[in-house]
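Descriptive structure summary
Letter by letter, the chains look like this.
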Amino acid sequence: MEDDFSSKLTKLKEFKAIEYRIDSLKEKGVDAKITVNIIKESFFPEDSTKNITLAFIEEDLGFAGSTEFIVKYDRDQKKIISVKKSTE
């Protein structure tokens, strides 16, 4: 399951946009990276009766970091059901 989700996650246009930005920052000497944290069981109340996994796509600049997107993956349907820009 995780491999399928990871593969789908890295193909998202949102992931690719962050990847491009990180590569640009690295070319300028910034120690930047993408971090993805996966939570197997969603803690959002609206997901309590569903089989939802969460992924938090984060931009880490070494001196600062931020969650850029929150992705929901339905393990029953084996598909990404939402990609939301983080309000953090």
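In this text the structure is predicted, and so the values were computed from the model without any measurement. (Residues numbered from 1 in each chain as written. Predicted model: local features only at pLDDT ≥ 70, side-chain atom pairs only at ≥ 80, totals over all residues. Heavy atoms only, no water.)

What follows deals with the overall build of the chain. Secondary structure summary: the chain contains 2 helices and 4 strands in total. Mapped in sequence order, the helices and strands of the chain form the string α-α-β-β-β-β. When the 88 residues of the chain are sorted by exposure, 33% land in the buried category. Sequence-distant contacts in the chain: of pairs separated by 6 or more residues, those separated by 24 or more amount to 38%. A total accessible area of about 5,700 Å² is found for the chain, and carbon and sulfur atoms account for 51% of it. Across the chain, the mean location of the 16 positive side-chain charges is 4 Å away from that of the 18 negative side-chain charges. (Helix = DSSP H or I, 4+ residues; strand = E, 2+ residues; numbered from the N terminus. Buried < 20%, exposed > 50% of the residue type's maximum accessible area, 1.4 Å probe, protein only. Contact = heavy atoms within 4.5 Å. Areas by Shrake-Rupley, 256 points an atom, 1.4 Å probe, with all protein chains shown as cover. Lys, Arg positive; Asp, Glu negative; His and termini not counted. Charge placed at Lys NZ, Arg CZ, Asp CG, Glu CD.)

With that settled, the discussion passes to the confidence of the model for the chain. Residues with a pLDDT of 70 or more make up 95% of the chain, whose mean pLDDT is 91. Here helix 1 (residues 2–10) stands out as the least confident element of the chain, with mean pLDDT 84; strand 4 (residues 79–85) is the most confident, with 95. (pLDDT = per-residue confidence, 0-100.)

Counting 13 residues, the largest nonpolar core has F5, L9, L12, I18, A55, I57 and V71 as the members making the most contacts within it. For this core, the secondary structure elements donating two or more residues are helix 1, helix 2 (13–27), strand 2 (52–60) and strand 3 (65–74). Setting aside anything within four residues of it in sequence, one finds L12 in contact with V71, I80 and V83. (Core = buried A, V, L, I, M, F, W, Y, C linked by side-chain atoms within 4.5 Å.)

Note on aromatic pairs: each is described by the distance of the centres and the angle between the planes. Inspection of every chain in the model, using the stated rule, returns 3 aromatic pairs. With a centroid separation of 4.4 Å and an interplanar angle of 25 degrees, the aromatic rings of F5 and Y73 are classed as stacked. Taken as a pair, F5 in helix 1 and Y73 in strand 3 lie far apart in primary sequence, 68 residues in all. Residue classification places F5 among the buried residues on the basis of a relative accessible area of 1%. (Phe/Tyr/Trp six-rings, centres within 6.5 Å; stacked < 30°, edge-to-face > 60°.)

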